[in-house]
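Architecture at a glance
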Amino acid sequence: MKEPVKTIRDTDEEARQLARRLVRSARFGAIGVLEPDTGFPFASRVLTGTDVDGTPLILVSGLSVHTDALLTDPRASLLFGEPGKGDPLAHPRITLRTLAQRVARDDPAHAGMRARFIARHPKAALYADFPDFAFFRMAPQSASLNGGFGKAFVLEAADLLIASPAIAEVAELEPSAVVHMNTDHADTVDLFARVFGKSEKTGWKICGLDCAGLDLSRGDELLRIEFDTPLSQATELRPKLAELSRDAYEK
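Residues numbered from 1 in each chain as written. Predicted model: local features only at pLDDT ≥ 70, side-chain atom pairs only at ≥ 80, totals over all residues. Heavy atoms only, no water.

1. Regarding the pairing of strand β5 (residues 93-103)
Remember that side chains alternate between the two faces of the sheet whenever the strand is regular. Direction of pairing for strand β4 (residues 75-80) relative to β5: antiparallel, over a ladder of six bridges. Looking at the pairing, S77 lines up with R97 of β5. Two strands pair when backbone bridges link them, and β5 and strand β6 (residues 133-146) are joined in this way by eleven bridges, in the antiparallel orientation. Directly across from T95, in β6, lies its bridge partner S144. (Pairing = 2+ DSSP bridges. Helix = DSSP H or I, 4+ residues; strand = E, 2+ residues; numbered from the N terminus.)

Rendered as structure tokens:
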């Protein structure tokens, strides 16, 4: 008898990298919740960002069905991965199983989340402070990754999140570092996009950075550039950016 085909592969570093890239480079995702009044699954679309530890963030209105659902039952799924040409099922996608955590406006972390989200989605500044809007951290519990035909993986929360003792310190440096790179090293940012993001376009800006990498934006486009290893202390940020620059100019 033939052995059964193994449908779930052992999770390796390549799968983890793909999963993180799909989540961290996304501008939006599909959200699945349980509708409070009917118990039926309910799907919608939400803008997404990431917190400094890699946790997905969403900004939603209290008037929406999915917000009411999250406040009733915090369990939710997020689907990331845009289809390209050809068969949409041939392109990578990932589904995260999450627990939603509403972030109050008086929470000390709220201002930082707001700043990161609006840097990624500038038009969100028009409504982010409306009374009925709120941020939710969508804490990953596990995930299912489909990297293409025959490439299915199951991931844990730790496979998706950023693990570093320097998260808070790098978050404090983020605003000034982003301004410095965009103001004084605009050509280098475009070079990052071309070399590491395979973009032939110019006009890219860094819209966020964390211990694991850089987020670049150009209008409605986003690119995620991951460091080879996460920063372990804030003093490594400047040398890491210099190293990226050298690598980019040498390629």
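Next comes the rest of the account.
2. Observations concerning the sheet that holds strand β9 (residues 213-218)
Backbone-to-backbone hydrogen bonds pair the strands of a sheet. The strands run either parallel or antiparallel. Across the sheet, which stays open at both edges, the three strands sit in the order β8-β9-β10 with antiparallel pairing between neighbours. In this open sheet, the two edge strands, each paired with only one partner strand, are β8 (205-210) and β10 (221-226). The sheet shows a mean angle of 20 degrees between the axes of neighbouring strands, direction not considered. Bridge count between β9 and β10: six bridges; the pairing is antiparallel. Across the sheet, the residue bridging to L216 is L223, located in β10. Packing of helix α3 (residues 110-120) onto the sheet brings it into contact with β8, β9 and β10, and relative to β8 it is tilted by some 145 degrees. (Axes fitted to C-alpha atoms, helices over the stretch in contact; angles between N-to-C directions. Contact = heavy atoms within 4.5 Å.)

3. What about the environment of V178?
Considering the arrangement of structural elements, one finds V178 in helix α5 (residues 167-184). Separated by 30 residues in the primary sequence, V178 and G208 place their C-alpha atoms 6.8 Å from one another. With near-sequence residues (within four places) excluded, V178 lies in contact with I206, G208 and L209.

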